[in-house]
Amino acid sequence: ALERNPGLLSLRADVEIARARLSGASLILQTNPEVSGAVGARTSARGSTVDLDVGVAQRLELFGQRGARKEAAEALLAASEARRDAEEANVVAWVREAFGRALAAELRLKLVEAVRSVAQSSLKAVEERFAAGSASRMEVNTARVEIARSTGEFTLAQQRQVQAQVELGLLVGLPSD
């Protein structure tokens, strides 16, 4: 789930973006130096000459601009990491909860299956007693109603187990089949 969750993948990308911004903000010189030049002929009363002009310019940051930019990038990175960590904790909690529901559904299914088996045995015993004349039609009907009720509960327990397993599978990124 931690490897495949789309929300976590997005937040991890945000952390990498924040790291890249911090790396850029940590550079001492934010821009490259600019070199310029000019060449031109000059004509005067003394004759012709060639003027050559060369310049180098570098933008400098003053008064803590770099420090402020770096602090902002560090804060962005810390916030991105905190969001990622919180989402990881949420995903782990969701998976644990879904696993607990799947386990409980499985145990409930086993319990309901045992109840249904007891109801079937009970019906056989009541029918034998009825055939022998020591049980009433009401007892037989009650046993049949109990089998129908336990069969309904069994079907519902099966559906809940499948639903819990599908939810867990989706959270951990398993294929839907």
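Here, every reference points to the structure presented above.
The notes below deal with the structure included here. (Residues numbered from 1 in each chain as written. Predicted model: local features only at pLDDT ≥ 70, side-chain atom pairs only at ≥ 80, totals over all residues. Heavy atoms only, no water.)

Thoughts on empty space enclosed by the protein
Left-over empty space is what a probe sized like a water molecule reveals as it rolls over the atoms. Applied cut-off: Throughout, the protein atoms alone are placed on a 1 Å grid, and a set of points is a cavity if a 1.4 Å probe fits but cannot get out or a pocket if it is open with protein on both sides within 12 Å along at least five of seven lines; lining residues have an atom within 4 Å of a point. Grid points are joined across faces, edges and corners, and a volume is the space filled by probe spheres set on the points. Each residue is assigned to one class: nonpolar for Ala, Val, Leu, Ile, Met, Phe, Trp, Tyr, Cys and Pro, charged for Asp, Glu, Lys and Arg, and polar for all the others, Gly among them.
Applying the stated criterion across every chain yields a total of 1 cavity of 30 Å³ or more. What the largest cavity holds in volume is close to 50 Å³. Lining the largest cavity we find I28, L29, Q30, T31, R59 and E61. Looking at the lining of the largest cavity, its residues break down into 2 nonpolar, 2 polar and 2 charged.

So, the packing of aromatic side chains
Rules: Each pair of aromatic rings taken from Phe, Tyr and Trp, with Trp reduced to its six-membered ring, is defined by centres within 6.5 Å and is described as stacked if the planes are under 30 degrees apart, edge-to-face if over 60, and tilted in the remaining cases. For a lysine, the NZ atom is tested; for an arginine, the CZ atom; a charge sits over a ring if that atom is within 6 Å of the ring centre and within 35 degrees of the ring normal.
Applying the stated criterion across every chain, the model contains 0 aromatic pairs. The ring of F154 has R116 lying over it, and the distance from NZ or CZ to the ring centre is 4.0 Å.

So, the environment of A18
Put simply, the rule reads: Only DSSP runs of H or I covering at least 4 residues are called helices, and only runs of E covering at least 2 are called strands; the numbering of each starts at the N terminus. Note on classification: 1.4 Å probe, protein chains only; a residue is buried when its accessible area is under 20% of the maximum for its type, exposed when over 50%, partly exposed between these limits. Contact definition: two residues touch when any of their heavy atoms are within 4.5 Å.
When you line up the elements, A18 lands in helix α1 (residues 6-25). Residue classification places A18 among the buried residues on the basis of a relative accessible area of 1%. Between the C-alpha atom of A18 and that of A73, which follows or precedes it by 55 residues, the distance is 6.8 Å. With near-sequence residues (within four places) excluded, A18 lies in contact with L76, L77 and S80.

Here's the deal with the pattern of salt bridges
Basically, it comes down to this: One side-chain nitrogen of Lys or Arg within 4 Å of one carboxyl oxygen of Asp or Glu is enough to make a salt bridge.
Enumeration according to the criterion identifies 13 salt bridges in this entry. A salt bridge links E61 to R69; its shortest N-O distance comes to 2.4 Å. Taking the relative accessible area as the measure of exposure, E61 reaches 27% and is therefore partly exposed. A relative accessible area of 23% means that R69 is categorised as partly exposed. Its salt-bridge partner being E97, residue R101 comes within 2.8 Å of it at the nearest N-O pair. Residue R101 and its partner E97 are located together in helix α2 (residues 65-132), separated by 4 residues, close to a single helical turn. Relative accessible area serves as the criterion here: at 36%, R101 is assigned to the partly exposed category. A relative accessible area of 46% means that E97 is categorised as partly exposed.

Considerations on the pairing of strand β1 (residues 34-44)
To keep things clear, this is the line we draw: Strand pairing follows a simple DSSP-based rule, namely that at least 2 bridges must link the two strands.
Buried residues are scarce in β1, accounting for 0 of its 11 residues. Looking at chain direction, β1 and strand β2 (residues 47-57) are connected through 11 bridges and run antiparallel. When the bridges of β2 are listed, A38 appears paired with D53. Hairpin connection, β1 to β2: the antiparallel pair is bridged by 2 residues.

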